[in-house]
Amino acid sequence: MDYNSTLGDTGDEKMLMFGWLDFIFFILMLGLSTLIGIYFGIWGKKEDTPKEYLHGGKTMSTAPVAVSLMSSFLSGIMMMGSPTEVYLYGTLYWLVSISIVFVGLMTNFFFLPVFYELQVTSTYEYLQLRFNRHVRIMASLIWTISLLLYIPIVVYVPALALGQVTGVNIHVITLTISVICIFYTMLGGIKAVVWTDLLQGVVMVVASIVVIILGVNQLGGFGVLWERSQLGGRIRIFEMSVSPFKRMTFWTVVIGKSFGWLGGVAVSQSMVQKFMALPTYSKARTSLFIFCLEVMFVTTISCLTGLLIYARYYDCDPISTKAISRPDQLLPYYVMDISQSLPGLPGLFVAGIFSASLSTMSSSLNSLSATLFEDFIRPCLKNKISDKTANNIIKCLVIIAGAVCVLNVLVVDKLGSVLQLSMSLSGFTGGAMIGLFSFGMSYPRGNAKGALAGSISSLLIMGWIVFGAQKEMAEGRIKQPLLPTSVEGCGYNVTVTTTPSPVFSSDDEVFVLYHLSFMYFCPVGILIVFVVGAIVSHLTEEPEAEKVKPVFFTPIVRKYYMKKRERSLSYSNKATAEKELVALFSQNQIT
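Residues numbered from 1 in each chain as written. Predicted model: local features only at pLDDT ≥ 70, side-chain atom pairs only at ≥ 80, totals over all residues. Heavy atoms only, no water.

An unreviewed UniProt entry lists the chain under the name Sodium-coupled monocarboxylate transporter 2, from Periplaneta americana. Of the chain, the UniProt comment under Subcellular location (unreviewed entry) reads exactly: "Cell membrane". UniProt's Sequence similarities (unreviewed entry) comment on the chain is quoted here verbatim: "Belongs to the sodium:solute symporter (SSF) (TC 2.A.21) family." (UniProt positions renumbered as here; feature names shortened; annotations may be inferred.)

In structure tokens form, the structure reads like this:
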């Protein structure tokens with residue numbers, strides 16, 4: 001391991017840099033990802049239609065898809081953010097491992113049966129079938145904008161880590177990584193995405209496990225880790241306050257994340273598209289089960305890494321000493337610090353972090369191109385086009401969307417507050433999106449006017465709350481206290497700025513809803529969609545019975561709806577009645 005040391009304000013800071021072996025491992029990872037895309041694009045089985053390009057010809061295997069789901073879901077933001085969250089606020093975030101269980105159950109019994117039976121290319125196609133095209137377009141537009149804001153952040157955050165350990169300009173890093181990702185996604189389609197996700201997911205997990213083993217060994221065992229974490233107040237699980245205004249409690253994490261993650265799993269175009277790439281419904285359910293186990297495992301090791309970082313720096317906080325410029329750099333700094341005996345490990349680990357980002361970016365670009373083509377391009381084409389032309393258009397959309405995301409990285413870099421703002425954006429748009437699908441699949445009386453009114457109301461109200469809270473935090477009227485850190489063991493003088501402790505302002509100027517936990521943004525947004533949607537639907541015309549098919553509803557609601565239809569059928573010709581009922585029940589293939 002090569003270290004270039006420089007003196008800072010404290011007189012004892014050191015800049016930890018990549019060695020030559022680290023660069024080799026990192027470049028090798030990017031090269032393999034590119035070769036996979038080239039293989040499927042040139043020598044692999046040709047996908048001649050848009051559906052084959054986007055669904056892999058329905059020939060994907062369960063295990064690669066399950067790992068791909070995990071790799072896409074756990075972006076570099078989460079890989080770097082989870083340890084930082086535990087270091088600063090304790091282990092409450094680990095409770096998302098419980099949330100993913102509820103997410104898996106809701107996806108399995110509520111959302112996946114509908115999408116898989118309809119075999120839609122875009123998840124938003126469902127909204128047109130259930131309501132009308134206006135609802136579909138609004139949902140697609142919201143999702144497209146949020147994704148174009150999210151992808152640059154996914155690339156930018158781990159680029160900060162690589163820039164720190166290499167000294168390479170961050171814009172050079174983001175441009176290079178983005179071009180590689182755009183290239184293999186455009187060339188190889190969903191198959192390239194899935195198999196590169198598999199490679200990147202394995203590297204990410206293996207590197208994380210090696211770092212944990214090395215970190216525990218250097219500390220002197222789990223006993224030391226647990227003791228220091230307890231003394232530092234980092235072990236926090238059963239904080240059972242029911243207040244929705246506390247940043248994190250047992251309930252805000254479990255309930256909030258259970259609904260919040262539905263947007264990223266159950267109705268996300270990039271996730272559902274991979275479920276659809278499997279040949280049978282049973283394999284889709286199996287991949288969902290494996291995915292939930294993977295998320296629990298990766299979340300656990302990420303939080304454990306956070307405890308390891310605290311246990312190593314419990315008496316010499318690198319944030320206070322200015323060894324790192326921002327908390328998000330804790331993880332790469334820690335890995336570089338403990339890896340002197342294993343040259344190449346930092347390169348492999350940072351490659352793992354970037355792998356998570358590449359995986360998220362490639363899946364997002366693939367699904368975004370599908371949505372743009374199906375919802376915006378195809379309806380504008382007056383003449384029918386060939387499948388080859390459609391595929392070429394989708395590939396061009398991958399390039400265009402990727403280029404827009406690369407340009408947006410420049411905005412993220414110039415406006416630091418955009419990072420937090422964009423993360424909040426996913427919170428308030430998620431409630432409207434999940435609410436739309438849930439409303440359609442669970443409420444037969446709901447109509448298009450109710451769906452539109454509910455989703456628009458959710459966006460407006462949650463936008464007001466989210467951006468209002470962000471403004472108050474930026475102006476210092478809302479503060480979130482950090483857990484205590486120490487610099488007593490640093491061995492040199494450090495000037496520390498004390499973090500204010502009160503969560504609420506001393507005056508009553510801050511609107512009470514601005515204190516709402518960010519974990520509850522999605523549940524509140526969903527509730528608004530249902531309340532407003534149900535009221536408007538009941539005040540307007542009921543959906544036409546012949547256009548509302550049982551297949552549009554989740555299996556439990558479908559059975560209730562079909563029994564209701566059965567009771568309402570009144571024919572003088574008994575044979576005709578029986579024929580319609582058989583047609584209705586034939587649509588209930590997945591239960």
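Participant: Describe the packing of helix α18 (residues 448-474) against helix α19 (residues 521-539), with residues and values.
Facilitator: With their axes 7 Å apart at the nearest point, α18 and α19 run at an angle of 145° to one another. Both α18 and α19 take part in a crossing whose hand is right-handed. Between α18 and α19, the contacting residues are Lys449, Gly450, Ala453, Gly454, Ser455, Ser457, Ser458, Ile461, Met462, Ile465 and Val466 on the first element and Phe521, Val524, Gly525, Ile528, Val529, Val532, Gly533, Val536 and Ser537 on the second. When the residues that make up the contact of α18 with α19 are grouped by side-chain class, the tally is eleven nonpolar, eight polar and one charged. (Axes fitted to C-alpha atoms, helices over the stretch in contact; angles between N-to-C directions. Helix = DSSP H or I, 4+ residues; strand = E, 2+ residues; numbered from the N terminus. Left-handed = near helix turned anticlockwise from the far one by under 90°. Contact = heavy atoms within 4.5 Å. Nonpolar A, V, L, I, M, F, W, Y, C, P; charged D, E, K, R; others polar.)

Participant: Tell me about the packing of aromatic side chains, and please be specific about residues and values.
Facilitator: Going through the model one piece at a time under the given rule, you end up with 20 aromatic pairs. Between Tyr124 and Phe437, the aromatic rings sit 5.8 Å apart at their centres with planes inclined by 50°, giving tilted as the arrangement. Placement of the pair is Tyr124 in helix α6 (residues 124-130) and Phe437 in helix α17 (residues 417-442), with a sequence separation of 313 residues. Like Tyr124, the residue Phe437 is buried in the burial classification. Between Phe439 and Tyr443 the ring centres are 5.5 Å apart and the planes differ by 40°, which places this aromatic pair in the tilted class. Judged by its relative accessible area of 1%, Phe439 falls in the buried class. Feature note: the residues Phe115, Tyr124, Tyr126, Trp143, Phe437 and Phe552 constitute an aromatic cluster, connected by ring pairs. (Phe/Tyr/Trp six-rings, centres within 6.5 Å; stacked < 30°, edge-to-face > 60°. Buried < 20%, exposed > 50% of the residue type's maximum accessible area, 1.4 Å probe, protein only.)

Participant: Explain the side chain of Asp22 to me, using residue names and the numbers behind them.
Facilitator: Secondary-structure assignment places Asp22 in helix α1 (residues 20-43). The class of Asp22 is buried, set by a relative accessible area of 1%. Within the structure, the side chain of Asp22 is placed 3.0 Å from the backbone nitrogen of Gly347, a separation counted as a polar contact. (Polar contact = N/O pair within 3.5 Å; in protein donor to acceptor, adjacent residues only side chain to side chain.)

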